[in-house]
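# Survey of secondary and tertiary structure
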Amino acid sequence: MKKEDFLNLKAWFKDYVRSFHSEDTLILQNVRLKEEHTSRVCENSSRIAISEKLDEEDYYLAVTIALLHDIGRFEQISKYRTFHDSESENHALLGVRVLRSAGVLSFLSKKEQDIIFTAIENHNLQKIPDGLDGKTLLHSKLVRDADKVDIYKVLTDFYLIKAISPNPALEHGLPDDEKYSAHLIQDIFNNKISSIKGVRNCNDMNLTRLTWLFDLNFIETFRLVKERGYIEKMIATFPQNSETNAVHVHLNKYLDSMLDNA
């Protein structure tokens, strides 16, 4: 891919998103939220790609995947009024259908299209499937990292204003109480990525998100997490006690160990 290809797709993306602008406050609020999220994921992807010294072709492929990774979210919020996939449909697969139907990638080679579609399909899975070729695996890992870093921002920003500015599209209908599940705490101490199946409340959901740290792939991603203080900001959403303090210490030690071994 070349810079011109990316800029053409960026112009298409802007027009596509504009088509979902609505007088419905919930929809417009969340269309804008995802548009801003996409912009920041592109920035994260650019920073990771540069740190990995990707050539021009792979650099623009990476930022294109970042640009399009959540394209399904706009139809999702407009149609279902939620970002909760289990209450609507898988937004990654929806996004691939949108792109295929629009034919917007038809000017690219089949190989480039396949990499983009596969990376989008993989970006929200708990684990990347086995059997991918090296280039497809690289781009699947890169967009996942860039996306996770900004989801931390979206979540921590939201928790600061949640009480005065709720957003049902971001909430999972879970109780927001002081409890949390012991097995999720143990997953963190075991450096294990948790499943969201069976989460009981908001604290459980956020514990699963903290375990994303163990699924990050690039040193620059760890730098971004540390630089922006996301562990501290996420920990601040939990009850403050000896157990959550130990989680905080463990995650920071893991983060520092990854950066020290870079």
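It should be noted that the structure appears before, not after, this text.
The rules behind these values
Starting afresh in each chain, residues are numbered from 1 along the sequence in its written order. Local features in a predicted model are, by the rule used here, given only for residues with pLDDT of at least 70; side-chain atom pairs are given and counted only at 80 or more, and totals for whole chains, interfaces and linings are based on all residues. The side-chain figures draw on all heavy atoms in the structure; neither hydrogens nor water molecules are used. We place a 1 Å grid over just the protein atoms. Points where a 1.4 Å probe fits but has no way out form a cavity, open points with protein on both sides within 12 Å along at least 5 of 7 lines form a pocket, and any residue with an atom within 4 Å of a point lines it. Grid points are joined across faces, edges and corners, and a volume is the space filled by probe spheres set on the points. Strands here are runs of E lasting at least two residues and helices are runs of H or I lasting at least four, both read from the DSSP assignment and numbered beginning at the N terminus. Residue polarity follows a fixed list, in which Ala, Val, Leu, Ile, Met, Phe, Trp, Tyr, Cys and Pro are nonpolar, Asp, Glu, Lys and Arg are charged, and the others, Gly among them, are polar. Axis angles are defined between N-to-C directions and span 0 to 180 degrees, where every axis is a line fitted to C-alpha atoms and, for a helix, only to the segment in contact. Throughout this description, any angle smaller than 35 degrees is read as roughly parallel, any larger than 145 degrees as roughly antiparallel, any in the 65 to 115 degree range as roughly perpendicular, and the remainder as oblique. By definition, turning the near helix anticlockwise from the far helix through less than a right angle yields a left-handed crossing, and turning it clockwise yields a right-handed one. The contact criterion used is simple: two residues touch if any of their non-hydrogen atoms lie within 4.5 Å. Salt bridges are defined by distance alone: a side-chain nitrogen of Lys or Arg within 4 Å of a carboxyl oxygen of Asp or Glu. Exposure is judged per residue with a 1.4 Å probe applied to protein chains only, and the accessible area is read against the type maximum: over 50% gives exposed, under 20% gives buried, and values in between give partly exposed. Note on aromatic pairs: the rings of Phe, Tyr and Trp (six-membered ring only in Trp) are paired at centre separations within 6.5 Å, and the planes decide the class, stacked below 30 degrees, edge-to-face beyond 60, tilted for the rest. For a lysine, the NZ atom is tested; for an arginine, the CZ atom; a charge sits over a ring if that atom is within 6 Å of the ring centre and within 35 degrees of the ring normal.

Going through the model one piece at a time under the given rule, you end up with 1 cavity of 30 Å³ or more. In this model, the largest cavity occupies a volume close to 90 Å³. Forming the walls of the largest cavity are Leu155, Phe158, Tyr159, Lys162, Leu170, Glu171, His172, Leu174, Cys202, Met205 and Arg209. Contributing elements (two or more residues each) for the lining of the largest cavity: α7 (134–161) and α9 (202–210). Taken together, the residues of the lining of the largest cavity sort by class into 7 nonpolar, 1 polar and 3 charged.

Turning our eyes to something else, we now look at the layout of surface pockets. Estimated volume of the largest pocket: approximately 960 Å³. Lining the largest pocket are 33 residues, with Arg73, His91, Asn124, Ile196 and Trp212 positioned closest to its centre. Among the elements that make up the lining of the largest pocket, the one with the highest residue count is α7 (6 residues). Space inside the second largest pocket adds up to approximately 290 Å³. Taken together, 17 residues form the lining of the second largest pocket, with Phe6, Lys10, Ser39, Cys42 and Leu67 sitting closest to its centre. At 7 residues, the largest contribution of residues to the lining of the second largest pocket is made by helix α1 (residues 3–18).

As a further point, take the packing of helix α10 (residues 219–228) against helix α12 (residues 242–260). Direction vectors running N to C along α10 and α12 enclose 135°, while the axes themselves pass 9 Å from each other. It follows from the interaxial angle that α10 and α12 lie oblique. As for the relative orientation of α10 and α12, their crossing is left-handed in sense. Contacts between α10 and α12 pair Ile219, Phe222, Arg223, Val225 and Lys226 from the former with Tyr254, Leu255, Asp256, Met258 and Leu259 from the latter. Broken down by class, the residue content of the contact of α10 with α12 amounts to 7 nonpolar, no polar and 3 charged.

Our focus in this paragraph is the pattern of salt bridges. With the rule as written, the count across this model stands at 21 salt bridges. Across the salt bridge formed by Arg40 and Asp150, the nearest N and O atoms sit 2.6 Å from each other. One end of the pair, Arg40, is in helix α2 (residues 25–51); the other, Asp150, is in helix α7, with 110 residues separating them in the sequence. On the accessibility criterion, Asp150 (1% relative accessible area) is buried. By sharing partners, the salt bridges in this structure join Lys34, Asp70, Arg73 and Asp85 into a single network.

This part covers the packing of aromatic side chains. Counting across every chain of the model gives 11 aromatic pairs. Seen in terms of ring centroids, Phe6 and Tyr60 are 6.2 Å apart; in terms of plane orientation they differ by 40°. Their pairing is tilted. You can see Phe6 sitting in helix α1 and its partner Tyr60 sitting in helix α3 (residues 56–68), a full 54 residues away along the chain. Tyr60 carries the same exposure label as Phe6, and that label is buried. Of the aromatic side chains, those joined through ring pairs into one cluster are Trp12, Phe13, Tyr16, Phe20 and Phe74. One residue, Arg100, lies across the ring of Phe117, its end atom 4.0 Å from the ring centre.

A word on unusual backbone geometry. Trans peptide bonds make up the majority, and among non-glycine residues the majority have a negative phi. Non-glycine residue Arg81 carries a positive phi angle of around 60°. Inspection of the secondary structure assignment puts Arg81 in the loop between α4 (72–80) and α5 (91–102). Note on Arg81: relative accessible area 39%, which makes it partly exposed. Even without being a glycine, Asn191 presents a positive backbone phi close to 55°. By secondary structure assignment, the location of Asn191 is in the loop between α8 (182–189) and α9.

Interaxial distance between helix α6 (residues 110–122) and α7 falls to 9 Å at its minimum, and their mutual angle equals 40°. Here α7 runs oblique to α6, going by the angle between their axes. In this structure, α6 crosses over α7, and the sense of that crossing is right-handed. Residues Lys111, Ile115, Thr118, Ala119 and Asn122 of α6 pack against Lys135, Thr136, His139, Ser140, Val143 and Arg144 of α7. Per-class residue counts for the contact of α6 with α7 are 3 nonpolar, 5 polar and 3 charged.

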